[in-house]
Structure formats: structure tokens, C-alpha cells
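Architecture and fold: a report
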Protein chains: 2
Amino acid sequence: MSAQRIALDVMGGDHAPEATLDGAREALVAWPSLQVILVGDEGRIRPLLGPHGFHAGLMDRAHVVHAPGVVGFHDEPKVILKEKKNSSIRVAAQLVRDGHAEGMVSMGHTGAAMMASTLVIGKVEGVDRPGLASLMPNLGGTPCVFIEVGANIDSRPEHIAGFAIMGAVYAEEVLGVPNPRVAILSVGEEDSKGTEVTLEAAAILRKHPHLNFQGNAEGRDIWNGRFDVIACDGFVGNVVLKSSEGIARLVKDGLKEALTANIWRMVGAALVKPALMEFFKKLDYKEYGGLPLLGIKGVSVIGHGSSDARAVKNGIGAAIRAAEGRLHERIQARMAEQSTMTLEDK
Amino acid sequence: MSAQRIALDVMGGDHAPEATLDGAREALVAWPSLQVILVGDEGRIRPLLGPHGFHAGLMDRAHVVHAPGVVGFHDEPKVILKEKKNSSIRVAAQLVRDGHAEGMVSMGHTGAAMMASTLVIGKVEGVDRPGLASLMPNLGGTPCVFIEVGANIDSRPEHIAGFAIMGAVYAEEVLGVPNPRVAILSVGEEDSKGTEVTLEAAAILRKHPHLNFQGNAEGRDIWNGRFDVIACDGFVGNVVLKSSEGIARLVKDGLKEALTANIWRMVGAALVKPALMEFFKKLDYKEYGGLPLLGIKGVSVIGHGSSDARAVKNGIGAAIRAAEGRLHERIQARMAEQSTMTLEDK
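Computed from a predicted structure; not experimentally measured.

Next up on the list: the overall build of chain A. Tallying secondary structure elements over chain A gives twelve helices and eleven strands in all. Dimensions along the principal axes, computed over C-alpha positions, put chain A at roughly 60 × 60 × 40 Å. Taking all 346 residues of chain A together, 56% fall into the buried category. Considering only intrachain contacts with a sequence separation of at least 6, the fraction spanning at least 24 residues in chain A is 75%.

As C-alpha cells, this is what we get:
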């Protein structure tokens, strides 16, 4: 493994900078060839390094880059890019663009992180809209690449087809799935089911020379391991992702309530606690640490605002794997096959 | 309570006619003023009545109407209506149209049941597209009316606004929620977030004189009790509903696997079993029995193909409540307010 340099937006996230610094330290311990660039307000970061366990041995691989600008959750992404040129999100993206880092990780404002990654790092040739992918767990082991969840709304058919192709590259190169099974999210299995946009996206994918396209998926297929990649418009994907988070909370709260209702249940709950922990860990997005933004000329992993240190560490891990897989180069190659094919069609 | 006559599509569903007959018997026992019209192949139904517990006392309130046509899950809805005029779904709808029943219940082919209800019973004046509503559970007690889930795709803004208004009438009249909080499903809370269609639908609802419209909901709000009604296009709703079913299965299977991994867990699982059963019952769609189709001139409740006797019984219960609430008359009145308002606007 060659050295990987990851720029971390230390100031992004609900629990920043403490959780981001702890996550960075854990990542440095876990991956000995990792270099972390800590991007944020140097005056705030430096005094925290000692207390957060960055001892001399680790400091060889941790660098601080000053970026005092702060992005609020209610700032408009465009404003951030225009007016907050010194914000940690934007500076992290510049480090990737200028070749000082292979990838960036941010747990901050999702819209701003997507926009900074897209506009500063730039899009892969042939990609019109980069897409945010989420890894959806199932009992089979390998998660399903569900793309797009970043509220890329009113997608055209070629956008959804692009999400599917980029998701397939991710499944193959980062998750190690050979010949991933790709589907488009719709309201029925039959090829005739769908909106005008999904039907046309399916028609594009059917013609792709090197894609294992299997037609329509239904909502339940996101969770049963039937497909390796499921593509959809970002409105639908965002709603499904947030709905899933809502169900996860409902299940956790509801089980807690039910399991503490009387003493026998509490005894039973103590006995099954390891099982429940194991089960929830399997379904926990924090295990994946963040969502890769696919289709940009570099690596960008965007995490949940509520990320804790473990999620930050795993987000850095996801960025390392994506950088090692040389993801954007492979996406560019795959998109080129697509456009060659389209040209031949005409 | 006046007598309620419900036409049951005995032949519809994966476990028909056994589960439908058992459900009908349970409903007759539960609601003493209920009359059930058993619609289906008389030659198959009659011999099953005795073995399924329809004793003389119940038979006063159970009537068989012969309809030998069978609708398969792969039949196209249009074909069913044109060619299968004697199918049980269609005959049940005719009984409602002709005033022989206040409502119908079918666990058969969803598309065919929606089409039969819409075309045979007819639409409420002012309603362009009837919508299938689902009741989504939460820990607060009163479920959220989530509409539309019947794959009414490519909705226009006025369709989504109509779903919201009809859902509010259902929440008020059937679930007993005073002044229900209504929202449109989108990708962010801010009024500016959404597709062109959802933004325009919100603009229509903001002008409605008697609706407690609260703006945008996010995916997680379907499950947290924040709103009483959440409206969306049928593509999104169908995907969210099926995705939720997929998660429910994943949670059940995953917990089962985790709780049987060793002997201590199995002991603990035995102690917490009542808690788990209680919890899953709370989240089980079978408790609601079926989805009401709103916007037709009568009552139609459409259940899951996999419905068991309990789901059939509860579906009949849902139809009784909708009939008692004189739902379609109230929907018509509420839609008229809407159109008066629109005319005044112009």
C-alpha cells in the first residue's frame, strides 16, 4: 500500500472538533501508511492535539492546515463557496484539487461539501452530475450501493444511468464485488413499470456493453441483497435514506421501551444485549463512516453531521479504499465506454 | 351504529379463500351489526362455510354473491376490467356502486382493485386521481396517514395537493385527529426545498382555507409522529412503503439470527419474547388490515396479498369505520372548498 494523504474537515459536524480529532487519531493508529491533513482553525486545533492523544509518533503523519472560516448548517452552499473561501470544507477540496491529498472527508454541511467537491475538485470527464452513494446493509454481508441520496433532484434519464454506472465501479473496485448486479429503483419488477425517466434510464443501461444490468428493483430490494447497485433520482434516494434512519430510531426506541417494561424483561434484555448490540452494529451507518461522492476527479467522503469518532475513523477508511481503487480514473474509463457506445448508436 | 354492508373479494390474496373466509367470520363475531357479502366462486365458497365456522347464527349476516372470474397477479388491470366482468374484484365494486354495500375489501391484485374501484364505483366530484393511503405506525399511538402509495406515478401538483386534502379528511373522520397537521414529503424542511412539482403542490395547499398545512416533511418524519398526514407522488410513496417492508423483514430475520446464536441468548430471548411480540405487533401493517383508497364514491380497502385472517378482519374493520365516517361525502365537501377557493383566486 502506498502512502495515502487524506484531508479532514476538522470543523465539520455536530461534535467537531473533538470527534473529528479523535477519529483522525484512531485512523492514524489503524492505518500506518496514512497521512492526515487536519484542516480548520489552527488556533483551536493545535491546543487540542495533545489532550486528544496526538503524541510525537503520530504527529509525523498529522499536518495542520489553517482554514478559519466556519460553515453553518443554515448557510446556502453557493454563499459558502463564494464568500467563505477560507472555510475548512473548501480548503480541504483545494488540497485534493492541487494534488496535496488523494481524498477529503467532511462530516459538515452535506450540500456545501457536495458543492465544494464538485466545483473545486471538478467533475470526471463524461459525468454531468456527481452522485452521493449510500451503502445499505443486509444480512448477506456485502452492502448494496444505493445512489443517489444527496438530493440531486429532477434527474434526467442519463443522470440516473450515470449513477448506476458509477455505483457499479464503486461496488467492483471498493467493495470487491465481481460483475455487480445493477438495477434501477421502480414500482414493480416488470420492465414496463416506472416513470418516463426511469424507463428511459433503463433503456440507456440495457445498451451498455460492460454492465450487468438486471432491470427494475423494488423498495424491498434495497435491503435483501438481491442487487449490488440500485440507482434512482436523488429526491427518491434522499427520502428513502432519511425514512430508513427514522425506522432505525423507531426500532431502537421501541425495543428499549418494550424491554424495560418489567423485571423479567430487564433480565432477559441483559442476556440478549450482546445480540442486540451486534445486530444494531451490523445495521449502523457509522460502520461505513460516510457516503462517497462519485464522479469527481478525486475522492470525497461526506459523513452524517452526528458522526462520532468511530464514524470519522471509518469515513477516513472509506476515503483510503476509494483512493487505492483509483476510483475516479475507473469511472472516467467506464463513462467513456458509455459515450463511445452512444456515438456509435447515432 | 347503523348496519354496515361490506362486500369482500373472497378470491383475492395469496391465502384465499381460506384466510378471507376466516377473516370474514372473525369480523362478523367482532361487529354485531356487520353484514358481509362474500363475493366469489359460489361452488367453492359454499362447501367451505361450515368447516370455517359460519354457523347458522352468523349466516343471517353472511351472503354469497357468485362471481366465478379469477384475476391473476400477472393480469393487466385493464384486461381484467374489459374481459373479466364476472371477476370477484369487479363484482364487489358493482355491489358498492349499485348501493348493495357501503364498502368493499380486497386482498387481491392492488392495481386491479384500484382500477375496479375507480372505474366502477366512480370518482368523487373534484377528485382527478384517487389515492391509496397507508397508515404508518409510530410510538405516539396515532399513525401517520401516508398518501399516495399505489403507484400513481408522475403526479401533477394538484394531484399531490388532492392526496393531502383527502388524507386530512381520513385522519379527522376515521382516526379522530382534530385539525390534523399536514405536510408534503420533500428533501428538506425549508420551504425552498423540493422538486418543481412538490413546490407547486405546497403553494396550492398554503392557500387552502381549512387545512392545517405545515410545509415540508422529511423521510424520517413518516415515523416520528411529527405530522398526521404526509402526501407525496405515488412513485416515491410506493418505494418508501416497500422499502419499509424490506427493513421490517431485515430486522425480524436479523434479530432471530442474533438471538439464537448461543444458549444464554436463547434464554434471554425467551424472557423478552412477549416484549418483542408486542413491539412487532405495534409496527405490523396487519393491525390496520388494508389501505383505504380515497377519492372514490364509496369505500374501498385494499389489503396486502399476503394478508392472513387477522389482516382480513382488520381490513373489514377499516371499511366499516370509513363507511361510518361517510368519508367520500366529506372528501367531496373539502375538495369543493378547494375549487371554490381556486376560482376566487382567478
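Let's shift gears to the interface of chain B and chain A. Listed per partner, the contact involves 48 residues of chain B and 48 residues of chain A. Of all the secondary structure elements, the ones that give two or more residues to the side of chain B that touches chain A are α9 (234–259) and α10 (263–282) of chain B. Here the side of chain B that touches chain A takes 20 residues from α9 of chain B, the largest share from any one element. Considered class by class, the residues forming the side of chain B that touches chain A number 27 nonpolar, ten polar and eleven charged.

Averaged over chain A, the pLDDT score is 90; the fraction of residues at 70 or greater is 94%. ipTM for the predicted complex: 0.89, alongside a pTM of 0.91.

All names here are of chain B. The strand order across the open sheet formed by eleven strands is β3-β2-β1-β4-β11-β10-β5-β6-β9-β7-β8, and the pairing between neighbours is mixed. A strand with exactly one partner marks an edge of an open sheet, and here the two such strands are β3 (62–66) and β8 (212–217). Put simply, the sheet's adjacent strands are angled 25° from each other on average, direction ignored. Strands in contact with helix α5 (residues 88–97) are β1 (4–9), β2 (34–40), β3 and β4 (103–106); relative to β4, the strand with the most contacts, it is inclined by about 165°.

So, on to the pairing of strand β7 (residues 181–185) of chain B. All names here are of chain B. Within β7, four of the five residues are buried, which leaves the element mostly enclosed by the surrounding structure. One ladder, built from four bridges, connects β7 with β8; its direction is parallel. The residue bridging Ile184 from the neighbouring strand is Asn216, located in β8.

Right, let's talk about the packing of helix α10 (residues 263–282) of chain A against α9 of chain B for a bit. One way to put it is that α10 of chain A packs onto α9 of chain B with a least axis distance of 9 Å and a crossing angle of 140°. Judged by the angle between their axes, α10 of chain A and α9 of chain B are oblique. Seen from above, α10 of chain A lies across α9 of chain B with right-handed handedness. In contact with Val272, Ala275, Leu276, Glu278, Phe279 and Lys282 of chain A of α10 of chain A, α9 of chain B contributes Gly254, Leu255, Ala258 and Leu259 of chain B. Partitioned by chemical class, the residues of the contact of α10 of chain A with α9 of chain B number seven nonpolar, one polar and two charged.

Residue and element names in this part refer to chain A. Pairing is mixed in the open sheet, where eleven strands are placed in the order β3-β2-β1-β4-β11-β10-β5-β6-β9-β7-β8. The two strands at the open ends of the sheet, each matched to only one other strand, are β3 (62–66) and β8 (212–217). Neighbouring strand axes in the sheet, compared pairwise and without regard to direction, differ in orientation by 25° on average. Relative to strand β6 (residues 144–147), strand β5 (residues 131–136) runs antiparallel, the two being bridged by four bridges. Bridge pairing in β6 links Met136 to Cys144. Against the sheet, helix α5 (residues 88–97) contacts β1 (4–9), β2 (34–40), β3 and β4 (103–106), and its axis sits at roughly 165° relative to β4.

Once that is clear, we can look at the relation of the copies chain B and chain A. Aligned on chain A, chain B shows an RMSD of 0.0 Å; the corresponding rotation is 180° and the shift along the axis is 0.0 Å. The transformation just described matches what one would write down for a two-fold rotation axis. Closest approach to the rotation axis within chain B is made by the C-alpha atom of Gly268 of chain B, at a distance of 2.0 Å. When the interface residues of chain B are mapped onto chain A, 100% of them are again interface residues, pointing to one common binding face.

The next thing to look at is helix α6 (residues 110–121) of chain A. Its twelve residues place the ends of α6 of chain A 16 Å apart at the C-alpha level, agreeing with the 16 Å of an ideal helix rising 1.5 Å per residue. Of the residues one or two after α6 of chain A, Gly122 of chain A is the one with positive phi, at around 95°.

Residues and elements named next belong to chain B. Within the element layout of this structure, Val251 appears in helix α9. Note on Val251: 20 C-beta atoms within 10 Å, which makes it buried. Between the alpha carbons of Val251 and Val105 there is a distance of 30 Å; along the sequence they are 146 residues apart.

To continue, consider the pairing of β1 of chain A. Residue and element names in this part refer to chain A. Along β1, six of the six residues are buried, which leaves the element largely enclosed by surrounding structure. Burial of the side chains of β1 extends over both faces: Gln4, Ile6 and Leu8 are buried on one face and Arg5, Ala7 and Asp9 on the other. Relative to β2, β1 is paired through six bridges, and the arrangement is parallel. Looking at β2, one finds that Ile6 is bridged to Val36. Regarding topology, helix α1 (residues 18–30) serves as the crossover connection from β1 to the parallel β2, and that connection is right-handed. Pairing geometry for β1 and β4, over four bridges, is parallel.

Residues and elements named next belong to chain A. Here helix α11 (residues 309–324) is 16 residues long and its end C-alpha atoms lie 23 Å apart, about the 22 Å a rise of 1.5 Å per residue gives. For α11, the tally of buried residues reaches 14 of 16 residues, placing the bulk of the element in the interior. With its phi angle positive at about 45°, Arg326 sits one or two positions after the end of α11.

Okay, the domain arrangement of chain A next. Where interface size is quoted, it is often the accessible area lost as the parts come together. Residue and element names in this part refer to chain A. According to the domain assignment, chain A contains domain 1 (1–123 + 295–322) and domain 2 (128–288). Using C-alpha coordinates to define each centre, domain 1 is positioned 26 Å away from domain 2. Contacts between the two partners involve 16 residues from domain 1 and, on the opposite side, ten residues from domain 2. Put simply, the parts of the chain that give the side of domain 1 that touches domain 2 at least two residues each are α6 and α11.

What counts as what
- Residues numbered from 1 in each chain as written.
- Chains lettered and ligands numbered in written order.
- Predicted model: local features only at pLDDT ≥ 70, side-chain atom pairs only at ≥ 80, totals over all residues.
- Helix = DSSP H or I, 4+ residues; strand = E, 2+ residues; numbered from the N terminus.
- Buried ≥ 20, exposed ≤ 12 C-beta atoms within 10 Å, placed from the backbone.
- Contact = placed C-beta atoms within 7 Å.
- Nonpolar A, V, L, I, M, F, W, Y, C, P; charged D, E, K, R; others polar.
- pLDDT = per-residue confidence, 0-100.
- Pairing = 2+ DSSP bridges.
- Axes fitted to C-alpha atoms, helices over the stretch in contact; angles between N-to-C directions.
- Parallel < 35°, antiparallel > 145°, perpendicular 65-115°, else oblique.
- Left-handed = near helix turned anticlockwise from the far one by under 90°.
- Least-squares fit on C-alpha atoms with pLDDT ≥ 70 in both.
- Expected span 1.5 Å × (residues − 1).
- Right-handed = clockwise from strand over helix to strand, strands pointing away.
- Domains from an automatic or database assignment.

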